[in-house]
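# Summary of structural features
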Amino acid sequence: METITAPFYDFPKYYDLVYGSDWKAEFDFLQACFQKHAAGNVRRLFEPACGTGRLLVKLAAAGYRVGGNDINPKAVAYCNARLERHGFPPSAVVGDMADFCLDQPVDAAFNTINSFRHLDSEADALSHLRCMAAALRSGGIYVLGLHLTPTRGEPVDEESWSARRGNLTVLSRLWVTGRNQRRRQEMVGMSYDIYTPTRQFRILDHCSFRTYTSRQLYGLLGRIPEFEVTSVYDFGYDVQQPIEIDSRSEDVVLVLRKR
Ligand SMILES: C[S@@+](CC[C@H](N)C(=O)[O-])C[C@H]1O[C@@H](n2cnc3c(N)ncnc32)[C@H](O)[C@@H]1O
């Protein structure tokens, strides 16, 4: 198969198929969190690292005023074109989630599938959380989902799945190629096999995620006094099923409320 090595985020159409088909569980969960954990009404939303806007467009259609940022201009262009196609303002901007400020505070924000772990230093992670705290009104919430490194038990090291829309199919595989505990880096290889009626090819990519044990995550959050952790869930996205984080926890979704 023809193989190209390139950043997968530069292919928003394929990204959106691979990660976009699972939007409904997150969409329902986010709204349930707004209802349960935010003080007052939630109307204005912000998604740092919004990518193709797979969630933003659905939330805009549900009546929320949405905005987002992403460091990848191709993802932002895709997101804005899609928002406009559905009759909403093109409210995504190219920006760094570790360094941004909003004109107006929002009621809630979310960042669900590990994007936060793209921030590869404690300074950037802190800066991101400070930007988020400043972007939220008091009583507003930030829903933050990521994989922790368990300190007991074996972490999951490989994942594969497929997605299909019309005559486009993508087979995805992600695998951990290494972990550096001292630097807190998890290196991940990724391959995406793309099948269209006229072409079949493979995109190979890799990236590094910052690792967090539960202790490291809570240590970081303890440095942002504006936020309190109101509840924790897992990637089952069931607002009726909060979890307790322990040394085996991997997928966690924290609800942080601005004091
Ligand atoms: C896994 S995708 C998630 C996209 C979207 N949030 C979603 O749920 O589909 C991660 C995104 O983070 C973006 N990203 C990585 N580092 C970033 C940074 N420092 N600031 C803003 N976006 C960033 C990437 O460009 C990519 O679109």
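Source: prediction; values computed, not measured.

Domain boundaries in the protein define domain 1 (9-149 + 213-258) and domain 2 (151-210). Distance from the C-alpha centre of domain 1 to the C-alpha centre of domain 2: 21 Å. With 16 residues of domain 1 in contact, the opposing surface of domain 2 contributes 16 residues. At three residues, helix α1 (residues 12-20) tops the list of elements feeding residues into the side of domain 1 that touches domain 2. Tallied by class, residues from the side of domain 1 that touches domain 2 come to six nonpolar, six polar and four charged.

We now examine the nonpolar core. Nonpolar side chains tend to gather and get buried jointly when the protein is soluble and globular. Counting residues in hydrophobic clusters, the biggest one holds 51 residues, and the most contacted among them are Leu56, Ala108, Ala109 and Val143. Top contributing element to this core by residue count: strand β6 (residues 136-147), with six residues. In contact with Val143, not counting residues within four places along its chain, are Leu30, Cys33, Phe110, Thr112, Val253 and Val255.

Among the 21 residues in the neighbourhood of the ligand, the closest are listed as Ala49, Gly51, Asn72, Met97 and His118. Those elements giving two or more residues to the shell around the ligand turn out to be α3 (54-61) and β3 (65-70). Class assignment for the residues of the shell around the ligand results in ten nonpolar, seven polar and four charged.

What follows concerns the pairing of strand β8 (residues 168-180). Consecutive residues of a regular strand have side chains that alternate between opposite faces of the sheet. Inspection of the sheet shows strand β7 (residues 158-165) paired to β8 by eight bridges, in the antiparallel sense. Across the sheet, the residue bridging to Glu158 is Trp175, located in β8. Taking the residues that link successive antiparallel strands as the turn, the β7-β8 hairpin has two residues, and the phi of Gly166 there is positive, at about 55 degrees. With eleven bridges joining them, β8 and strand β9 (residues 185-195) adopt antiparallel strand pairing. Among the inter-strand pairings, Leu171 is bridged to a residue of β9, identified as Asp193.

Conventions and cut-offs
Residues numbered from 1 in each chain as written. Predicted model: local features only at pLDDT ≥ 70, side-chain atom pairs only at ≥ 80, totals over all residues. Domains from an automatic or database assignment. Contact = placed C-beta atoms within 7 Å. Helix = DSSP H or I, 4+ residues; strand = E, 2+ residues; numbered from the N terminus. Nonpolar A, V, L, I, M, F, W, Y, C, P; charged D, E, K, R; others polar. Core = buried A, V, L, I, M, F, W, Y, C linked by C-beta atoms within 7 Å. Buried ≥ 20, exposed ≤ 12 C-beta atoms within 10 Å, placed from the backbone. Near = placed C-beta within 6 Å. Pairing = 2+ DSSP bridges.

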